[in-house]
Amino acid sequence: MLVNLLENALKFSSPSDPIDVTVEGGGDRVAVRIRDRGPGVAESDRERIFDPFERGSSAGPGSGLGLAIARGFAEANGGRVWVEPQTDASSGSTFVLELPATEEGAALSKS
């Protein structure tokens, strides 16, 4: 999920522009925000780009499966993925991956 979102951010940003990654935890959720400096996602595309074989109106080459797969994996793990509306006039997109938090040092049980 995270690799897909990072690859998309790199794909839609110029090589000289930074990509911001922030992690916020609180309560029982952890949110990872990935902000690029690309052309942004049109409001009309914000949900549609998560459908299989769909791409945004400013998308370049690709199959249109990456975001659908990322969302599917997130939901299978109790999380979600979405793109936030831009709050300022700068270009770019902010994608959010939110997952349930786990206890530090939690161990898998042996079966």
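About the cut-offs
- Residues numbered from 1 in each chain as written.
- Predicted model: local features only at pLDDT ≥ 70, side-chain atom pairs only at ≥ 80, totals over all residues.
- Heavy atoms only, no water.
- Pairing = 2+ DSSP bridges.
- Helix = DSSP H or I, 4+ residues; strand = E, 2+ residues; numbered from the N terminus.
- Axes fitted to C-alpha atoms, helices over the stretch in contact; angles between N-to-C directions.
- Buried < 20%, exposed > 50% of the residue type's maximum accessible area, 1.4 Å probe, protein only.
- Arc of directions from axis to C-beta.
- Contact = heavy atoms within 4.5 Å.
- Core = buried A, V, L, I, M, F, W, Y, C linked by side-chain atoms within 4.5 Å.

Chemist: Describe the sheet that holds strand S4 (residues 94-100), and please don't skip the residues or the numbers.
Modeler: If you walk across this open sheet you meet the 4 strands as S1-S2-S4-S3, and the pairing is antiparallel. At either end of the open sheet lies a strand with only one pairing partner, and these are strand S1 (20-26) and strand S3 (80-84). On average, each strand axis in the sheet is inclined to that of its neighbour by 20°, with strand direction left out of account. In the sheet, S3 pairs with S4 via 5 bridges, with the strands oriented antiparallel.

Chemist: Could you give an account of helix H1 (residues 2-12), with specific residues and numbers?
Modeler: Taken together, the buried positions of H1 are Asn4, Leu5, Asn8 and Ala9. The arc that holds every buried residue of H1, seen down its axis, measures 135°, which confines them to one face. Projecting away from the buried face of H1 at angles above 90 degrees are the exposed residues Val3 and Leu10. Buried residues in H1 make contact with strand S2 (29-35), helix H2 (66-76), S3 and S4.

Chemist: Go over the nonpolar core, please, and point to the residues and values.
Modeler: Judged by nonpolar contacts, Leu5, Ala9, Val32, Ile34, Ile49, Phe50, Leu67, Ala74, Val81, Val83, Phe95 and Leu97 together constitute the single largest core of 12 residues. For this core, the secondary structure elements donating two or more residues are H1, S2, H2, S3 and S4. If near-sequence neighbours (up to four positions away) are discounted, Leu97 is found in contact with Met1, Leu2, Leu5, Val30, Ala31, Val32, Ala74, Arg80 and Val81.

Chemist: Can you lay out H2 for me, pointing to particular residues and giving the numbers?
Modeler: Where H2 is concerned, the buried positions are Leu67, Ala68, Ala70, Arg71 and Ala74. Projection of H2 onto a plane perpendicular to its axis shows the buried side chains occupying an angular sector of 165°, all on one side. Next to the buried residues of H2 lie H1, S3 and S4. Where H2 ends, the next residue or the one after it, Gly78, has phi of about 80°, a positive value.

Chemist: I'd like a description of the pairing of S4, backed by residues and values.
Modeler: In terms of burial, S4 is a largely internal element, 5 of the 7 residues being buried. Both S2 and S4 contribute to a ladder of 7 bridges, which runs antiparallel. Each bridged residue has a counterpart across the sheet, and for Arg35 the counterpart in S4 is Thr94.

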